[in-house]
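Architecture at a glance
Given next are the chains, with one letter for each unit.
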Amino acid sequence: PTAEVLHWWTSGGEAKAVAALKKDFEEHGGKWQDSPVAGGAGDAAMTVLRSRVLSGDAPSAVQLKGPAIQEWAEQGALANLNDVAKKEKWDEVIPQRIQEIMKYKGDYVAVPVNIHRVNWIWSNPELLAKVGATEGPKTWAEFNTLADKLKAAGITPLAHGGQPWQDATIFETVVLGMGGPEFFQKALIDLDEDALKSDTMKNVFDEMRKIRGYVDPDFPGRDWNLATAMVMNGKAAMQIMGDWAKGEFLAAGKVPGKDFLCSATPADNGNGFLFNTDSFAMFKVDGEDKIEGQKLLAELIVGKKFQKTFNLLKGSIPARTGVSLDDFDDCAKKSAADMAADEKTGGFLPSMAHGMALPGHLSGAIVDVVTAHFNSDMTSDEAMNRLVEAIELAKD
Ligand SMILES: OC[C@H]1O[C@H](O)[C@H](O)[C@@H](O)[C@@H]1O
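Residues numbered from 1 in each chain as written. Predicted model: local features only at pLDDT ≥ 70, side-chain atom pairs only at ≥ 80, totals over all residues. Heavy atoms only, no water.

This next bit is on the site of the ligand. Neighbouring the ligand are 13 residues, the closest being E14, K65, D278, K314 and H354. Measuring from an oxygen atom of the ligand, one finds a backbone N or O atom of A41 at 3.1 Å. Contact distances for the ligand include 3.0 Å between an oxygen atom and a side-chain N or O atom of N276. Against a free-state accessible area of 310 Å², the protein chains account for coverage of 100% of the ligand. In this structure, the ligand is accommodated by the largest cavity. (Near = heavy atom within 4 Å. Polar contact = N/O pair within 3.5 Å; in protein donor to acceptor, adjacent residues only side chain to side chain. Areas by Shrake-Rupley, 256 points an atom, 1.4 Å probe, with all protein chains shown as cover. 1 Å grid on protein atoms, 1.4 Å probe; cavity = no way out; pocket = protein on both sides within 12 Å on 5 of 7 lines; lining within 4 Å. Sits in = over half its atoms within 2 Å of the grid points.)

As structure tokens, then:
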């Protein structure tokens, strides 16, 4: 069995995690062909995928997430995994919410690797202590006060990489944190115009303007893992990023709670969990050997062993039930506990910035306005108007 695997996991923690999958596959007699495409959050990988499929040379397995799975399935590009699903009893171990993402018209066409949480703050305890803080901020007012103190002490408050998806990652945590889960649903999933033009959204853009003042002058274009390294190396106090950032700290041998702290991003209006589930979709390919490779890969990915090994390295938590978290750190345990609590309150929400909530053309329209605002002196009112316009245009 062989499998060519297209993915964008190239940073320290990401590379270690995908190497675990390769090792597992090869230990089961598989031949792995690695096709990494660098570029955080996968934009470049999706461009490569489109040209590969158009030229009739689709890879066997592709890191593909959220609504994009439905889009490719609709075009008839994805293979059916129901036979593996039946044999491995996926319906019994994959949570309903995740099954819905992996299925097209009731058929499995993709397999979930993990559950990442997007709305985290990673902080450097030594730098926080310099201004008398011992943990991450709980409200946005606290965040601003802390950041002002850090700045006054000559410390860069926020490590950030100036790339649209990273700007959007911060933006959605502010929407969730200021408006609460219900507002997030209305504004960034239902795209409700009243919510998009509300005082809350104005406050969100006002806060984004403040946050722009808390990053260092060299942030434009910086990759996310280099921003994580700034917190790791004491060059900045905090980073707002999904828990793939934890994978970087762990890959560098850093200890959670000692060398770095993890806390949910500030929540002024009820807690929430922005989830981002990585998955692999199996594209239709020719040849028994490749088809066997896809089935073996799919089986291993949902297996308990791999779900533990991979997520310990990647910074996420398992996507299936029945995997003990005993060997996971406190950040992972908090993620799982918050997920369980937020699922009950409607606070378990798909990430917009990481392609879990909206089709690409709609999330792209939002990300364009958010990054234009972040990198200019656009007013909050103008940003709100442009947001509504851009979404209307993208809908047409
Ligand atoms: O590349 C940075 C991150 O981008 C995406 O959000 C992926 O889902 C995640 O696995 C990856 O680590």
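This part is about the state of the cysteines. What the rule picks out here adds up to one disulfide. With its sulfur 2.2 Å from that of its partner, C262 forms a disulfide with C331. Negative torsions about the S-S bond denote left-handed disulfides, and the value of about -100° found for C262 with C331 makes this one left-handed. With C262 in strand β10 (residues 261-264) and C331 in helix α17 (residues 330-345), the pair connects residues that are 69 residues apart, well separated along the chain. For the residue pair C262 and C331, the accessibility class agrees, reading buried in each case. (Disulfide = S-S within 2.5 Å. Helix = DSSP H or I, 4+ residues; strand = E, 2+ residues; numbered from the N terminus. Buried < 20%, exposed > 50% of the residue type's maximum accessible area, 1.4 Å probe, protein only.)

Moving on to the side chain of Q307. Looking at the element boundaries, Q307 is found in helix α16 (residues 304-314). The class of Q307 is buried, set by a relative accessible area of 1%. Apart from residues lying up to four places away in sequence, Q307 is in contact with P112, V113, I301, V302, P318, A319, R320 and V323. (Contact = heavy atoms within 4.5 Å.)

All right, on to empty space enclosed by the protein then. For the structure shown, the criterion picks out one cavity of 30 Å³ or more. As for the largest cavity, its lining consists of 14 residues, and the residues nearest its centre are W8, E14, A41, W244 and N276. When the residues that make up the lining of the largest cavity are grouped by side-chain class, the tally is six nonpolar, four polar and four charged. (Points joined across faces, edges and corners; volume = space filled by probe spheres on them. Nonpolar A, V, L, I, M, F, W, Y, C, P; charged D, E, K, R; others polar.)

The geometry of helix α13 (residues 224-232) relative to helix α14 (residues 244-251) is characterised by a closest axis approach of 10 Å and an angle of 55° between their N-to-C directions. Considered as vectors, α13 and α14 are oriented oblique to each other. Like other packed secondary-structure pairs, α13 and α14 cross with a definite hand, here right-handed. On α14, the residues that touch W224, N225, T228, V231 and M232 of α13 are W244, A245, E248 and F249. Residue composition of the contact of α13 with α14, by class: six nonpolar, two polar and one charged. (Axes fitted to C-alpha atoms, helices over the stretch in contact; angles between N-to-C directions. Parallel < 35°, antiparallel > 145°, perpendicular 65-115°, else oblique. Left-handed = near helix turned anticlockwise from the far one by under 90°.)

We now examine the sheet that holds strand β7 (residues 116-117). The three strands are arranged β7-β11-β13 in an open sheet whose pairing can be described as mixed. What marks the edges here is a single partner per strand, and that holds for β7 and β13 (348-350). In the sheet, strand β11 (residues 273-276) pairs with β13 via three bridges, with the strands oriented parallel. Across the sheet, residue L274 finds its bridge partner in β13, namely L349. Across the face of the sheet, helix α10 (residues 181-189) comes into contact with β11 and β13 while running at roughly 15° to β13. (Pairing = 2+ DSSP bridges.)

Turning our eyes to something else, we now look at the pattern of salt bridges. Applying the stated criterion to the full structure yields 20 salt bridges. With its nearest N and O atoms 2.8 Å apart, the salt bridge here joins D216 to R222. Of the two residues examined, D216 and R222, each falls in the buried class. For E382, the salt bridge goes to R386, with nearest N and O atoms at 3.6 Å. One end of the pair is E382 and the other is R386, both in helix α19 (residues 380-395) and four residues apart, which spans about a single turn. For E382, a relative accessible area of 35% translates into the label partly exposed. (Salt bridge = Lys/Arg side-chain N within 4 Å of Asp/Glu carboxyl O.)

Here we come to the layout of surface pockets. Approximately 650 Å³ is the volume attributed to the largest pocket. Considering the residues around the largest pocket, the lining is formed by 27 residues, among which D43, M46, G355, G360 and S363 are closest to the centre. For the lining of the largest pocket, the secondary-structure elements that each account for two or more residues are α2 (43-54), α3 (67-74), α9 (164-179) and α18 (360-374). Tallying contributions element by element places α2 first for the lining of the largest pocket, with five residues. Taken together, the residues of the lining of the largest pocket sort by class into 15 nonpolar, eight polar and four charged. Roughly 350 Å³ of volume is contained in the second largest pocket. Along the wall of the second largest pocket there are 23 residues; nearest its centre are K138, S263, A264, T265 and K334. If you list the elements that add at least two residues to the lining of the second largest pocket, you get α9, β10 and α17.

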